[in-house]
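# An overview of the molecular structure
Chain residues, written in single-letter form:
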Amino acid sequence: MSEQPVAARPADPGRRQLTYAVLLCLAGAGLALYAATRTWSVEITPRPAPLSALRDAHTGGGLLPWLPALALVGLASAGALLATRGLGRRLVGALLVLVGLGVAAGGGYGLTGTDRGETSLHWPVLCALGGLLVAAAGVLTAGRGHTWPAMGARYERVRPAAPATGHGAVATGTGGRVEAGRTVAAWDALDRGEDPTVN
């Protein structure tokens, strides 16, 4: 008689969406932070011959000092997505939307607001793209984050409804601690390889 194939367990959509949001947040914030440290423009100051012109490079963070800070907030928020749940996670999502839009606005300024000699457009574009990725993670989190599992939820111990009874039972008090006067029973439980502090 042939064995029936075991059906694969369907993936948890909430856990998958949480993974997508964290990856979007990390990728977007990391990309924006890297782009903000690159040279966006070079200010050229001519000098009389035979002296060469002075070249003063400006990074995205030099032009907009708050830009790397916002990107770092986005990176930290990726960890907050894992550590929070429910309403707290949705608030983190709203924060990510604001951070992402701020970073994208900084990239937009790099495209239109720098007129200091030579300009490099690809770094502001990458910064804006990173901000949009962070904002997308925020939108996903604000809309669906309250349904996602919390970090370590699959490992949470479920306490039984009633204390165990029988030959190997150990009388316990509140919080699973052994009551006074039951030390002999506790040592017996340890000899049997049982944990007397667990109901």
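Residues numbered from 1 in each chain as written. Predicted model: local features only at pLDDT ≥ 70, side-chain atom pairs only at ≥ 80, totals over all residues. Heavy atoms only, no water.

### Quick word on the overall build of the protein chain
- When helices and strands are counted, the protein chain shows six helices and three strands.
- Along the protein chain, helices (α) and strands (β) appear in the sequence α-β-β-α-α-α-β-α-α when read from the amino end.
- Burial statistics for the protein chain: of 199 residues in total, 30% are counted as buried.
- Restricting the contact set of the protein chain to residue pairs at least 6 apart, pairs at least 24 apart contribute 67%.
- Of the roughly 12,400 Å² of accessible surface on the protein chain, a fraction of 62% belongs to carbon and sulfur atoms. (Helix = DSSP H or I, 4+ residues; strand = E, 2+ residues; numbered from the N terminus. Buried < 20%, exposed > 50% of the residue type's maximum accessible area, 1.4 Å probe, protein only. Contact = heavy atoms within 4.5 Å. Areas by Shrake-Rupley, 256 points an atom, 1.4 Å probe, with all protein chains shown as cover.)

### Overview of the nonpolar core
- Within the largest apolar cluster, 24 residues are counted, with the highest numbers of intra-cluster contacts made by W40, L67, L81, L96, V103 and C127.
- Contributing elements (two or more residues each) for this core: α1 (13-36), α3 (66-83), α4 (86-112) and α5 (122-144).
- In terms of residue count, α1 provides more of this core than any other element does, eight residues in total.
- Not counting chain neighbours up to four residues away, the residues in contact with V103 comprise A32, L67, L70, A71, C127 and G131. (Core = buried A, V, L, I, M, F, W, Y, C linked by side-chain atoms within 4.5 Å.)

### A word on the confidence of the model for the protein chain
- Averaged over the protein chain, the pLDDT score is 78; the fraction of residues at 70 or greater is 70%.
- Predicted confidence for residues 153-176 stays below pLDDT 50, and this span has 27 contacts to residues more than four positions away or in other chains. (pLDDT = per-residue confidence, 0-100.)

### Some words on a nonpolar patch on the surface
- The grouping of L111, L121 and V125 at the surface amounts to a nonpolar patch, some 240 Å² of accessible area in total.
- With respect to the helices, strands and loops of the structure, L111 is situated in helix α4. (Patch = residues over 30% accessible without salt bridge, like charges linked within 9 Å, V, L, I, M, F, W, Y side chains within 5 Å. Salt bridge = Lys/Arg side-chain N within 4 Å of Asp/Glu carboxyl O.)

### So, the packing of α4 against α5
- Between α4 and α5, the shortest axis-to-axis distance is 7 Å and the interhelical angle comes to 165°. Relative to α5, the element α4 is oriented roughly antiparallel. The chirality of how α4 crosses α5 is left-handed.
- Along the lines of polarity and charge, the residues of the contact of α4 with α5 split into 17 nonpolar, nine polar and two charged. (Axes fitted to C-alpha atoms, helices over the stretch in contact; angles between N-to-C directions. Parallel < 35°, antiparallel > 145°, perpendicular 65-115°, else oblique. Left-handed = near helix turned anticlockwise from the far one by under 90°. Nonpolar A, V, L, I, M, F, W, Y, C, P; charged D, E, K, R; others polar.)

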